[in-house]
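Given next are the chains, with one letter for each unit.
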Amino acid sequence: MLDRDELVRYNRQLRIPDFGEEGQQKLKNSHVVIAGVGGLGCASATYLAAAGVGHITIVDFDVVELSNLNRQVLYWEEDIGAKKVVVAQKKLSKLNSTVEITPICAEITEENVYSVIDGAQVVVDGLDRLNARLVLNAACVKQKVPYVYGGVSRLRGMVTTIIPGETPCLACFNPEGPRGLGVLGITPALIANLQALETIKLIIGQRPSLAGKLLLFNGNDMKFRVYDIEKNVGCKVCSQGAARYTGKDRKGPQGEG
Amino acid sequence: MKAAIMPGFSELIIIVNPAEKVTREGLLTINMPWLYAPWPDAREKGVIELEVEGETLRALLTTLAQVYRQAGVDFEPINPGTNDMDEDYDVLINGKNYVTIPHGINTKLKDGDKVKVKILWRWDG
């Protein structure tokens, strides 16, 4: 049951058909892990806390720097030099004191990834490196935890929702791309909010719109493109590995995903 | 020129004026089916055949964009605003990035050249 303050606090979203008190209760009972609280993670953490996700674990090993402040909106000038997860915990708790915020000051590695995502209903990507993302992706696939990928640079961004056993995973694509290209703060805010929306849909039991789809945002031309994507049956992480194209047997173990 | 196109993971592999029949046998699987949108019948064999007017990388990419546009797919490797490669994509010719080749996007393609158009993923956060 939601208490009186919760009915007031969440009034605007409680009015949404197919959400209501039942949806709010599901959010309240949920646990989301946000891996990385940089440009993406600050925005997704803020909106998920505001929406009433009951337990949010935030993971980051970094400290706040001046160059973060164009996009990492949980951090202010007075926070420079402080651990990001400590500052983020404090700010998020001030935004919504009913949310349990667990800070983990660590880099995600193969050694700690399973303990980091333990108990998560959804993992939200806020990382800035491919390798850490692939580690997280593999652990989420193995533990069957949905993982909402987001990535940005400049005025461009991408999102896909990975549902283990059903959709392609990040490793399916043998993904390539440069990093460190720079970023306008609005881009991660926008992409992170799409990730947060997907996360909320997952928690309340709605079909996430970007499961099996790749959204590409182009802020230069203000274009959103959404493409269907399929599992790679040769993926070593989520499938059987080393499958080759044989044309006709597309759904079989040796065929195309 | 004739182009044999094989959509891959996040890329298009294109053989220019292939000397022999191109097949997909032995290549890894496909997971971007929308790259077949203009040629749904080609998905069965995994290879798209396209006739291109012109001989340059630019002509090839412009023709590709036109064909995708007609099929309702927004795939535009050459940005009309900059008239250069859009930053969502990268192109290799025989393994070399197009920017390292003297004529870049206006490079004249030769028989058997292997062009790879990659869709770039985003890693910053």
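Scroll up for the structure.
For the structure given in this document, a descriptive report is provided here. These numbers were taken from a predicted model, which means no experiment stands behind them.

Reading guide: rules and limits
- As a convention, each chain's residues are numbered from 1 in the sequence order in which they are written.
- Numbering of ligands from 1 and lettering of chains from A proceed in the order in which they are written.
- Local features in a predicted model are, by the rule used here, given only for residues with pLDDT of at least 70; side-chain atom pairs are given and counted only at 80 or more, and totals for whole chains, interfaces and linings are based on all residues.
- Note on pairing: DSSP must find at least two bridges between two strands before they are called paired.
- What counts as a helix is a DSSP run of H or I of at least four residues, what counts as a strand is a run of E of at least two, and both are numbered from the N terminus.
- Residues are treated as contacting if the C-beta atoms built from their backbones sit within 7 Å of each other.
- In this scheme, a helix's expected span is set at 1.5 Å multiplied by one less than its residue total.
- In this scheme the burial state of a residue depends on its C-beta neighbours within 10 Å: 20 or more other such atoms mean buried, 12 or fewer mean exposed, and anything in between means partly exposed; the C-beta positions come from the backbone.
- Comment: arc refers to directions from the helix axis out to C-beta atoms.

### Quick look at the sheet that holds strand β3 (residues 48–51) of chain B
All names here are of chain B. In spatial order, the strands read β3-β1-β2-β8-β6-β7; together these six strands make up an open sheet with antiparallel pairing. One side of each edge strand has no neighbouring strand; the edge strands of this open sheet are β3 and β7 (96–97). Pairing analysis gives four bridges linking strand β1 (residues 2–7) to β3, with the strands arranged antiparallel. For A4, the partnering residue across the bridge sits in β3 and is E49.

### Details of the interface of chain A and chain B
Interfaces are often described in size by the accessible area the parts lose on coming together. At the junction of the two partners, chain A supplies 49 residues and chain B supplies 26 residues. Those elements that provide at least two residues to the side of chain A that touches chain B are α4 (39–51), β5 (147–153), β6 (156–162), β7 (213–218) and β8 (223–228) of chain A. Examining the composition of the side of chain A that touches chain B, we find that four residues originate from one element, β8(A), more than from any other.

### Focus: helix α5 (residues 84–95) of chain A
Residues and elements named next belong to chain A. For α5, built from twelve residues, the straight-helix expectation of 16 Å at 1.5 Å per residue is met to within 8% by its first-to-last C-alpha distance of 16 Å. Those residues of α5 not exposed but buried are K84, V85, V87, A88 and L92. With its buried residues spanning 155° around the axis, α5 presents them on a single face. In the core, the buried residues of α5 are packed alongside α4, β2 (55–59) and β3 (100–104).

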